[in-house]
Amino acid sequence: AQTVTQSQPEMSVQEAETVTLSCTYDTSESDYYLFWYKQPPSRQMILVIRQEAYKQQNATENRFSVNFQKAAKSFSLKISDSQLGDAAMYFCAYVGTSGSRLTFGEGTQLTVNP
Amino acid sequence: SQTIHQWPATLVQPVGSPLSLECTVEGTSNPNLYWYRQAAGRGLQLLFYSVGIGQISSEVPQNLSASRPQDRQFILSSKKLLLSDSGFYLCAWSVRSRDQPQHFGDGTRLSIL
């Protein structure tokens, strides 16, 4: 079974600085997709970024980018120019060939300090 | 555009009472539908998912059940709630393509007394 591990329960960053959230996963599949979701205090789950495993190029969405290392099974999220509104719980998630099931990590609580 | 509605937003129920949480999706057809539970400060646990009307897959044995009476309606139920059923319940939908993300409702905060 696939597992997703987020080893940082909590992280903090100063406003306008850069922070990287870690995620590793375990799978025997070669074709899969990875996602980062953000859950602010309102508890809505918001998609931040998506990465296809067969693409070597790292995905980027404005201030959010990933460092995808397929051989190392690592999928970290970098947030540049951090803003107060980035404060949230961040979840890494994996979907494999089953296509129907997302496996989530336990999350990283990000605090942004003014 | 597609929207997902989940209600109620908050629910307080006594132990042993029944439960019915409803989720509906608009603006799409034949979605995959999901129910998750989230304990405070923790990740999401998949409870049920459905790829079609009447097709329910259960991920975790428990006293909860799910039904999909219509294409875009997903219901989470229990005949007798336990204290351990407290939590935050999220409904989600996705198109039937695994490269597409899941889209979540606003959630239901369930407290069992």
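If you're wondering where the values come from, they're calculated on a predicted model, not measured in any experiment. (Residues numbered from 1 in each chain as written. Chains lettered and ligands numbered in written order. Predicted model: local features only at pLDDT ≥ 70, side-chain atom pairs only at ≥ 80, totals over all residues. Heavy atoms only, no water.)

In this assembly, 23 residues from chain A lie in contact with 23 residues from chain B. A buried area of about 2000 Å², summed over both sides, lies between chain A and chain B, and 49% of it is on carbon and sulfur atoms. The interface formed by chain A and chain B holds 2 salt bridges in total. Note that Glu59 of chain B is salt-bridged to Arg101 of chain A, the shortest N-O span being 2.7 Å. When contributions to the side of chain A that touches chain B are tallied by element, the ones reaching two or more residues are β5 (33–39), β6 (46–52) and β10 (88–95) of chain A. (Contact = heavy atoms within 4.5 Å. Buried area = accessible area lost by both parts, 1.4 Å probe. Salt bridge = Lys/Arg side-chain N within 4 Å of Asp/Glu carboxyl O. Helix = DSSP H or I, 4+ residues; strand = E, 2+ residues; numbered from the N terminus.)

Turning our eyes to something else, we now look at the nonpolar core. Core analysis: the biggest nonpolar cluster contains 25 residues, and Tyr25, Trp36, Phe75, Leu77, Tyr90 and Leu110 of chain A have the highest contact counts within it. Mapped by element, the contributors of at least two residues to this core are β3 (19–21), β5, β6, β8 (64–69), β9 (74–79), β10 and β12 (108–113) of chain A. No other element matches the 4 residues that β10 of chain A contributes to this core. In this structure, Tyr25 of chain A is in contact with Thr3, Val4, Tyr32, Leu34, Phe68, Gln69, Lys70, Lys73, Ser74, Phe75 and Tyr94 of chain A, ignoring residues within four places of it in sequence. Counting residues in each nonpolar core, the second largest holds 20 residues, with Leu19, Val25, Cys91 and Trp93 of chain B among its members. (Core = buried A, V, L, I, M, F, W, Y, C linked by side-chain atoms within 4.5 Å. Buried < 20%, exposed > 50% of the residue type's maximum accessible area, 1.4 Å probe, protein only.)

Residue and element names in this part refer to chain B. Burial analysis of strand β9 (residues 87–94) places 8 of its 8 residues in the buried class, the great majority of the element. Direction of pairing for strand β4 (residues 32–38) relative to β9: antiparallel, over a ladder of 7 bridges. Note that in β9 the partner of Arg37 across the bridge is Tyr89. As defined by bridge partners, β9 adjoins strand β11 (residues 108–112) across 3 bridges and the pair is classed as antiparallel. The residue bridging Tyr89 from the neighbouring strand is Thr108, located in β11. In this sheet, strand β10 (residues 103–104) lies alongside β9 in antiparallel orientation, the contact comprising 2 bridges. Opposite Ala92, over in β10, you have Phe104 as the bridge partner. (Pairing = 2+ DSSP bridges.)

Attention now moves to the state of the cysteines. Applying the stated criterion to the full structure yields 2 disulfides over all chains. Disulfide pairing places Cys23 of chain A opposite Cys92 of chain A at an S-S distance of 2.0 Å. The sign of the -70 degrees torsion about the S-S bond sets the Cys23 of chain A-Cys92 of chain A disulfide as left-handed. Of the two residues, Cys23 of chain A sits in the loop between β3 and β4 (24–26) while Cys92 of chain A sits in strand β10, which places them 69 residues apart along the sequence. Between the sulfur of Cys23 of chain B and that of Cys91 of chain B lies a disulfide, 2.0 Å long from S to S. Between Cys23 of chain B and Cys91 of chain B, the S-S dihedral sits near -80 degrees, and the bridge is therefore left-handed. One end of the pair, Cys23 of chain B, is in strand β3 (residues 19–26); the other, Cys91 of chain B, is in strand β9, with 68 residues separating them in the sequence. Across the pair, exposure class does not vary: Cys23 of chain B and Cys91 of chain B are buried alike. (Disulfide = S-S within 2.5 Å.)

The quantities given are spatial measurements derived from coordinates; they are silent on function.
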